Amino acid sequence: MESRQQTSGDDIAPLTVAVADGSIIEIRPLTRGDRAGLTELFSRLSAESRQRRFFTPKVELSERELAYFTDVDHVSHEALAAIDPWDGSIVGVARYVKYGDHPAVADVAIEVADDRQRCGIGTALDERLVGRARVNRMACLSATTRWDNRPARALLRRFGFRARASRGGELQLDLDVSASEKVSTGAAHTLAERHSRSACET
Ligand SMILES: CC(C)(COP(=O)(O)OP(=O)(O)OC[C@H]1O[C@@H](n2cnc3c(N)ncnc32)[C@H](O)[C@@H]1OP(=O)(O)O)[C@@H](O)C(=O)NCCC(=O)NCCS
């Protein structure tokens, strides 16, 4: 049962985070006004990152995709942007989208501009996204990645996502959101392991 209404995102406080390259980023909700910023972020993804994120050799985001990716209700579809305050550019986005046929299960996707990867931006985005999933009472977050995508697997593992299924070169990982409640990134692994059965097991 959906217990919350959609929101414009104005009620979601931005968060300032220090990252490993010595800079700071701001994490805030993505809005309809971010189409140009999202297009620019896409241009900062290498062919490999695009393939890893979209599972296809994508060359551009269509108008329809841009509308879908930015028109989010911040409840069943949440999207958070990491902003470089220096120039206002979007350097990363993390989102979840609730499955139509599962009331509290959502699919996760994340991308960080190649020139800003390996600084902790993906970790900061994911931490905030899991927090939003908890606020919005998602039971389970699910992510799909390729086996050879080591950065994504490392990132998801850090939050306690566990492998659930594998098909071809792809791996599905799930996080029981309630089991990881109030857990910081460092402890997520241990606590998730303690729960042998998870809300993701349907
Ligand atoms: C996956 C991705 C979002 C990670 O973002 P990031 O900002 O580089 O991540 P962080 O700097 O927070 O690092 C997170 C973890 O990934 C590891 N990692 C990052 N880049 C890595 C690399 N090139 N090789 C191996 N591990 C890597 C980090 O060491 C860290 O692991 P740890 O927690 O064990 O220390 C980024 O690589 C990306 O955008 N990839 C392309 C899109 C994609 O694959 N999306 C995921 C599928 S939807």
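Take the environment of Phe42 next. Note that Phe42 resides in helix α1 (residues 35-43). With 23 C-beta atoms packed within 10 Å, Phe42 lands in the buried category. For Phe42 and Glu111, which are 69 residues apart along the polypeptide, the C-alpha to C-alpha distance reads 8.9 Å.

For α1, the complete set of buried residues consists of Leu38, Leu41 and Phe42. One side of α1 carries all its buried residues, which in axial view fall inside an arc of 100°. When the buried face of α1 is taken as reference, the exposed residues oriented beyond 90 degrees from it are Ala36 and Ser43. Along its buried surface, α1 packs onto α3 (63-70) and β4 (90-98).

Not every one of the 22 residues close to the ligand is listed here, only the nearest: Arg52, Gln117, Gly122, Thr123 and Pro151. Every element with two or more residues in the shell around the ligand is listed here: α2 (47-54), β5 (105-112), α4 (121-135) and α5 (150-158). Top contributing element to the shell around the ligand by residue count: α5, with 6 residues.

Right, let's talk about the pairing of β4 for a bit. Sheet faces and side chains relate simply in a regular strand, where the side chains alternate between the two faces. Summarising burial for β4: 8 of the 9 residues are buried, a large majority. Looking at chain direction, strand β3 (residues 77-83) and β4 are connected through 7 bridges and run antiparallel. In the strand pairing of β4, His77 is matched with Val97. Remark: 6 residues form the turn of the hairpin made by β3 and β4, two consecutive strands paired antiparallel; Gly88 in that turn has positive phi of roughly 75°. In this sheet, β5 lies alongside β4 in antiparallel orientation, the contact comprising 7 bridges. Of the residues in β5, the one forming a bridge with Arg95 is Ala109.

When you tally the buried positions in strand β8 (residues 170-176), you get 5 out of 7 residues, the bulk of the element. Sheet analysis places strand β6 (residues 140-146) next to β8, joined by 7 bridges and oriented antiparallel. Along β8, the bridge assignment pairs Arg146 with Glu170. The pairing of strand β7 (residues 162-167) with β8 spans 5 bridges and is antiparallel. Bridge pairing in β8 links Ser166 to Leu171. Remark: 2 residues form the turn of the hairpin made by β7 and β8, two consecutive strands paired antiparallel; Gly168 in that turn has positive phi of roughly 60°.

What follows concerns unusual backbone geometry. Notably, His74 is not glycine yet its phi reads approximately 65°, a positive angle. Given 23 C-beta atoms within 10 Å, His74 falls into the buried group.

Parameters and conventions
- Residues numbered from 1 in each chain as written.
- Predicted model: local features only at pLDDT ≥ 70, side-chain atom pairs only at ≥ 80, totals over all residues.
- Helix = DSSP H or I, 4+ residues; strand = E, 2+ residues; numbered from the N terminus.
- Buried ≥ 20, exposed ≤ 12 C-beta atoms within 10 Å, placed from the backbone.
- Arc of directions from axis to C-beta.
- Contact = placed C-beta atoms within 7 Å.
- Near = placed C-beta within 6 Å.
- Pairing = 2+ DSSP bridges.

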